[in-house]
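# Structural characterization, general
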Amino acid sequence: GAGVSQSPRYKVAKRGQDVALRCDPISGHVSLFWYQQALGQGPEFLTYFQNEAQLDKSGLPSDRFFAERPEGSVSTLKIQRTQKEDSAVYLCASSLIQGLANFNEQFFGPGTRLTVL
Amino acid sequence: GENVEQHPSTLSVQEGDSAVIKCTYSDSASNYFPWYKQELGKRPQLIIDIRSNVGEKKDQRIAVTLNKTAKHFSLHITETQPEDSAVYFCAASLRISSGSARQLTFGSGTQLTVLP
């Protein structure tokens, strides 16, 4: 396998619809991050997993956002009752080893561009 | 939390000239500073990073400097080429208290255009 993959690449949703965005990290990567990138801005942290454990969800903007990684590999970001302000690119990133002494590169996926009409 | 500011937001240079992008950060605990290049519609890709125990790092035409006292770091690209045109993001890592991974706090990006 190549790098991090995400699907779908593009998603158009009507306001109020639920959406699910998938991330396939690099095989064996322990850490998985979700970021939200608004147009013309840098990515903003949403949530972080270490294997299947969600260790930080402080960046999730509301309780409409939910993420899971049940088997410690593939992750899904779900947005319920989408709003126009949810329109953004959602990026997933993974890194190999967690640990205080390690500075491991985060490898990004291509992102899912979500447009809420 | 951490706050990263980046400038300029746009930068145009002539091919062969140098480009400098500057970032400041707020949290003195941050100790890892990567730079990402993002071409239009593509994923961010790491181009260089620096840890807080060094002041400068160079990789061919790219160099990064870090001033921990002033809490700022800079990206330097020499002998720019048209293929260097992209959006560049600086970032700082903030330790998560409940775990040991490092989320990234990004700057707002610099659109670099290298004119042929």
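Placed above this text is the structure.
Note that the coordinates shown come from a computational prediction; the quantities given were computed from them, not determined experimentally.

What follows concerns the overall build of chain B. Assigned secondary structure in chain B consists of 0 helices and 11 strands. The linear arrangement of helices and strands in chain B, starting from the amino end, is β-β-β-β-β-β-β-β-β-β-β. Since a compact globule built from 116 residues should have a radius of gyration of about 13 Å, the 14 Å found for chain B is in line with a globular shape. For the C-alpha atoms alone, the extent of chain B along its principal axes is close to 50 × 30 × 20 Å. Nonlocal contacts in chain B, meaning residues at least 24 apart in sequence, comprise 54% of its contacts between residues at least 6 apart. With the model as given, the accessible surface of chain B reaches about 5,600 Å², and the carbon-plus-sulfur share is 46%.

Here we come to the pairing of strand 8 (residues 72–77) of chain B. Side chains on a regular strand alternate between the two faces of the sheet. Residue and element names in this part refer to chain B. Sheet analysis places strand 3 (residues 19–25) next to strand 8, joined by 6 bridges and oriented antiparallel. Its bridge partner being in strand 8, Ile21 is matched across the sheet by Leu75. Bridging between strand 7 (residues 62–67) and strand 8 involves 6 bridges; their strand directions are antiparallel. Its bridge partner lying in strand 8, Ala63 is registered against His76.

Attention now goes to the nonpolar core. Grouped together as the largest cluster of nonpolar side chains are 24 residues, with contacts concentrated most on Trp35, Phe73, Leu75, Tyr88 and Leu112 of chain B. Contributions of two or more residues to this core are made by strand 2 (10–14), strand 3, strand 4 (32–38), strand 5 (45–51), strand 7, strand 8, strand 9 (86–95) and strand 11 (110–115) of chain B. Residues within four places of Leu75 of chain B in sequence aside, it is in contact with Ala19, Val20, Ile21, Trp35, Ile47, Ile48, Ile62, Ala63 and Tyr88 of chain B. Membership of the second largest hydrophobic core comes to 20 residues, among which are Leu21, Leu32, Leu60 and Phe65 of chain A.

Linking two cysteines covalently through their sulfur atoms gives a disulfide. Residue and element names in this part refer to chain A. Applying the stated rule across the entire model yields 2 disulfides over all chains. Each disulfide pairs two cysteine sulfurs, and for Cys23 the partner residue is Cys92, the sulfurs being separated by 1.8 Å. On the S-S bond that ties Cys23 to Cys92, the torsion sits near -65°, and the link is left-handed. One end of the pair, Cys23, is in strand 3 (residues 19–24); the other, Cys92, is in strand 9 (residues 88–95), and 69 residues separate them in sequence.

Bringing the pairing of strand 3 of chain B into the picture now. Residues and elements named next belong to chain B. Side-chain alternation along strand 3 places Ala19, Ile21, Cys23 and Tyr25 on a buried face and Val20, Lys22 and Thr24 on a face that remains uncovered. Both strand 1 (residues 4–7) and strand 3 contribute to a ladder of 4 bridges, which runs antiparallel. Opposite Gln6, over in strand 3, you have Cys23 as the bridge partner.

About the cut-offs
- Residues numbered from 1 in each chain as written.
- Chains lettered and ligands numbered in written order.
- Predicted model: local features only at pLDDT ≥ 70, side-chain atom pairs only at ≥ 80, totals over all residues.
- Heavy atoms only, no water.
- Helix = DSSP H or I, 4+ residues; strand = E, 2+ residues; numbered from the N terminus.
- Rg over C-alpha atoms; globule rule 2.2 N^0.38 Å.
- Contact = heavy atoms within 4.5 Å.
- Areas by Shrake-Rupley, 256 points an atom, 1.4 Å probe, with all protein chains shown as cover.
- Pairing = 2+ DSSP bridges.
- Core = buried A, V, L, I, M, F, W, Y, C linked by side-chain atoms within 4.5 Å.
- Buried < 20%, exposed > 50% of the residue type's maximum accessible area, 1.4 Å probe, protein only.
- Disulfide = S-S within 2.5 Å.

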